[in-house]
Structures are given as C-alpha cells and as structure tokens.
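Chain and residue survey
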Amino acid sequence: MTRRLLIALAGALAFLVAALPVRAQGISDTEAAEFQRTITSQLNAFTADDGAAAYGFAAPNIQRLFPTPEAFMSMVQKGYAPVYRRQSYSFGRIGNEMGGQPTQHVTIVDANGKAWTALYAMERQPDGSWKISGCSLVEAPAADA
C-alpha cells in the first residue's frame, strides 16, 4: 500500500510540474517579446560580424569583463561557436535558472547540425530595457531514435 501511495504521489507531482506555466512569474508578454527581440538582434549581429552591434546587447557586467567589441566577439567566437555560427534557433520557455534572473531558453542548431540549449540571463536596465547578462550553453541530449 505504501508503494501505491508513493506512485500516486509521484504521478500527481509530475502532473503539477507539467501544468506549471512556461514563463517565469512576473514576466509579461511584452517583456518576453523584448527578450526575444534582443537575443534575435544579437544573433543577427553575430551573423553579420557586427561586433559593435552585438556588444550593444550585452549588459554592463559583460561589457566590464570584455571592455571592447573586439574582445567580446573573440570570446563569442572561441567559447560560443554554436551561437556565433548556427543553422537555426527557436525560443522556448522563460525560467529563472541563472541566479534568479529571467532566463530565456533558446534551442540552437549549430553549423554541424548538433542541437544545443542556450540559457540567456536577462537583466533590466535603468532605462527599462533588457540586456543579456550571461549565456550558458549546453549540448542538448540526443533524441531517441
């Protein structure tokens, strides 16, 4: 009987987790759209090799770490090749995995066809706009055949 109860509880918990909203609490549709515009604009700047434009979407903490557009682009080219040169991307849910900041999930397919998950931490600026304050890139698990 205890095992059945545990199975029932596990099922109920799985249902509740699946029913949770796909957007972090407190993020409006307008803000979600701004996250996507900002990330898309930076990705387009990478494609165009426009370091100054790409750098402009980075939050001040990133700009302090990489004080010039050239240093920023070098870091992206070396450490974020799937983001720098990709075949495609699509937006997923918004969570708060990165230090409690709103985190936009993006699925990226790199130039070789490998899937990645990029977690973009977004930071509100004093003027009310949102900038990218970090990106964590992990290889997406292989799909079952």
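All of the points below concern the structure found in this document. (Residues numbered from 1 in each chain as written. Predicted model: local features only at pLDDT ≥ 70, side-chain atom pairs only at ≥ 80, totals over all residues. Heavy atoms only, no water.)

Right, let's talk about the overall build of the chain for a bit. Across its full length, the chain holds six helices and four strands. The order of α-helices and β-strands along the chain, N terminus first, is α-α-α-α-α-α-β-β-β-β. Here the chain holds 145 residues, and 33% of them are scored as buried. Sequence separation of at least 24 residues holds for 44% of the intrachain contacts in the chain that already meet a minimum separation of 6. Put simply, the chain shows about 8700 Å² of open surface, and 59% of that area lies on carbon and sulfur atoms. (Helix = DSSP H or I, 4+ residues; strand = E, 2+ residues; numbered from the N terminus. Buried < 20%, exposed > 50% of the residue type's maximum accessible area, 1.4 Å probe, protein only. Contact = heavy atoms within 4.5 Å. Areas by Shrake-Rupley, 256 points an atom, 1.4 Å probe, with all protein chains shown as cover.)

Following the criterion strictly, the structure yields four salt bridges and no others. When the shortest N-O distance is used, the salt bridge between arginine 85 and aspartate 49 registers 2.9 Å. Of this pair, arginine 85 sits in the loop between helix 6 (81–84) and strand 1 (86–98) while aspartate 49 is found in the loop between helix 2 (29–47) and helix 3 (51–56), placing the two residues 36 residues apart along the sequence. On the basis of relative accessibility, which here comes to 45%, the residue aspartate 49 falls in the partly exposed class. (Salt bridge = Lys/Arg side-chain N within 4 Å of Asp/Glu carboxyl O.)

Residues Phe72, Met73 and Val76 constitute the buried set of helix 5 (residues 69–79). The buried side chains of helix 5 occupy one side of the element, clustering within an arc of 95° when seen end-on. Turned more than 90 degrees off the buried face of helix 5, the exposed positions are Glu70 and Lys78. Looking at the buried side of helix 5, the elements it contacts are helix 2, helix 3, helix 4 (60–65) and helix 6. (Arc of directions from axis to C-beta.)

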